[in-house]
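What follows is each chain in one-letter form.
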Amino acid sequence: MVVRLVYRDEALEDIAYAMRWYASRSEGLDERFLMAVLEREALIRKYPKGAPLVHKHFRQTPINSFPFLMVYGLIKNELIIYRIFHTKQHQRKKFKRRT
């Protein structure tokens, strides 16, 4: 059972960047993006092993209506959200930490 949810700094930065970009494009689009992320979070909390393993312990699941993937892992009793990854980026960036 998952007892703790952790967002890595990279995931929070990804969300903030995407929200700024969407806010500059259309009023309310940033809020729709955030709601889609939170809906996906709720789903993986309910079914943490529901998405396929894609690399080592990493799983990924799409964010509805947006070109993003939520990259996360389940380690012991922690659900760790590593990235909110734009699908147009190079796939190798998905699993690397920013320095």
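Predicted model only: the values in this text are computed from it and were never measured. (Residues numbered from 1 in each chain as written. Predicted model: local features only at pLDDT ≥ 70, side-chain atom pairs only at ≥ 80, totals over all residues. Heavy atoms only, no water.)

1. Structural notes on the pairing of strand β5 (residues 78-86)
Here is step 1: The element β5 is largely enclosed, with a buried count of 7 among its 9 residues.
Here is step 2: Two elements, strand β1 (residues 4-7) and β5, share 4 bridges in a ladder whose sense is parallel. The residue bridging Arg-4 from the neighbouring strand is Glu-78, located in β5.
Here is step 3: When strand β4 (residues 68-75) meets β5, the two strands line up antiparallel, connected through 8 bridges. (Buried < 20%, exposed > 50% of the residue type's maximum accessible area, 1.4 Å probe, protein only. Helix = DSSP H or I, 4+ residues; strand = E, 2+ residues; numbered from the N terminus. Pairing = 2+ DSSP bridges.)

2. Quick notes on the side chain of Thr-61
Here is step 1: The residue Thr-61 is located in strand β3 (residues 58-62) in this model.
Here is step 2: Residue classification places Thr-61 among the buried positions, given a relative accessible area of 8%.
Here is step 3: Of note is the side chain of Thr-61, whose polar atom sits 2.9 Å from the side chain of Arg-40.
Here is step 4: Setting aside chain neighbours within four positions, we find Thr-61 in contact with Arg-40, Ile-44, Ala-51, Phe-68, Leu-69, Met-70 and Tyr-72. (Polar contact = N/O pair within 3.5 Å; in protein donor to acceptor, adjacent residues only side chain to side chain. Contact = heavy atoms within 4.5 Å.)

3. A short note on the packing of aromatic side chains
Here is step 1: In total, this model carries 7 aromatic pairs according to the counting rule given.
Here is step 2: Taking the centre distance of 5.5 Å and the plane angle of 35° together, the rings of Tyr-22 and Phe-33 count as tilted. Placement of Tyr-22 in helix α1 (residues 9-25) and of Phe-33 in helix α2 (residues 29-46) is noted, with a sequence separation of 11 residues between them.
Here is step 3: Note on Tyr-22 and Phe-66: the rings are 5.0 Å apart at their centroids and 70° apart in plane angle, and the pair reads as edge-to-face. Of this pair, Tyr-22 sits in helix α1 while Phe-66 sits in the loop between β3 and β4; the two residues are 44 residues apart in sequence, bridging distant segments of the chain.
Here is step 4: According to the relative accessible area criterion, Phe-66 is buried, its value standing at 11%. (Phe/Tyr/Trp six-rings, centres within 6.5 Å; stacked < 30°, edge-to-face > 60°.)

4. Thoughts on the packing of α1 against α2
Here is step 1: Taken N-terminus to C-terminus, the directions of α1 and α2 make an angle of 145°; their axes are 7 Å apart at the nearest point. Residues Ile-15, Ala-18, Met-19, Tyr-22 and Ala-23 of α1 touch α2, and the partners they reach there are Leu-29, Asp-30, Phe-33, Leu-34 and Val-37.
Here is step 2: Across the contact of α1 with α2, the residue classes break down as 9 nonpolar, no polar and 1 charged. (Axes fitted to C-alpha atoms, helices over the stretch in contact; angles between N-to-C directions. Nonpolar A, V, L, I, M, F, W, Y, C, P; charged D, E, K, R; others polar.)

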